[in-house]
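# Analysis of the macromolecular model
Each chain, written out:
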Amino acid sequence: MSWVALIEHWRLVIADLRKEEGIDLYSPTVLAGSWLTVRSAIFSLLDSATRLRSALTRR
């Protein structure tokens, strides 16, 4: 998995973060917080059965 792959599937990142983690990337609270928290949440999407994981592991 690369950052390019994540960017290519950014709409899934946004949707899955909201659905699975309850994180709205565009909320002022999240924007004011640490990027490390968001990065960890994004990578956690790859460890569970999410739309992002499905899209990135499709062959």
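Everything that follows concerns the structure shown earlier in this document.
Fair warning: this is a prediction, and the values are worked out from it, not measured in the lab.

Reading the values: rules and limits
Residues numbered from 1 in each chain as written. Predicted model: local features only at pLDDT ≥ 70, side-chain atom pairs only at ≥ 80, totals over all residues. Heavy atoms only, no water. Helix = DSSP H or I, 4+ residues; strand = E, 2+ residues; numbered from the N terminus. Rg over C-alpha atoms; globule rule 2.2 N^0.38 Å. Buried < 20%, exposed > 50% of the residue type's maximum accessible area, 1.4 Å probe, protein only. Contact = heavy atoms within 4.5 Å. Areas by Shrake-Rupley, 256 points an atom, 1.4 Å probe, with all protein chains shown as cover. Lys, Arg positive; Asp, Glu negative; His and termini not counted. Charge placed at Lys NZ, Arg CZ, Asp CG, Glu CD. Expected span 1.5 Å × (residues − 1). Arc of directions from axis to C-beta.

## Describing the overall build of the chain
- Helices and strands together make up the secondary structure of the chain, namely 5 helices and 0 strands.
- Reading the chain from its N end, one meets helices and strands in the order α-α-α-α-α.
- In terms of overall dimensions, the chain is globule-like: its C-alpha atoms have a radius of gyration of 11 Å, near the 10 Å expected for 59 residues.
- By its C-alpha atoms, the chain is 35 × 20 × 15 Å across when sized along the principal axes.
- With 59 residues in all, the chain has 27% of them scored as buried.
- For the chain, the proportion of contacts with a sequence separation of at least 24, taken over those separated by at least 6, is 58%.
- Entry remark: accessible area of the chain is about 4200 Å², with carbon and sulfur atoms responsible for 55%.
- Taking the 8 positively charged and 6 negatively charged side chains of the chain as two groups, their mean positions are separated by 5 Å.

## Regarding helix H2 (residues 10-21)
- For H2, built from 12 residues, the straight-helix expectation of 16 Å at 1.5 Å per residue is met to within 8% by its first-to-last C-alpha distance of 15 Å.
- Within the sequence span of H2, burial applies to Leu12, Val13, Asp16 and Leu17. Around the axis of H2, the buried residues are gathered within 130° of arc, so they sit on the same side. Summarising the geometry of H2, the exposed residues directed more than 90 degrees from the buried face are Arg11 and Lys19.
- Close packing links the buried residues of H2 with helix H1 (3-8), helix H4 (35-44) and helix H5 (51-57).
- Phi for Gly22, located one or two positions after H2, is positive at around 70°.

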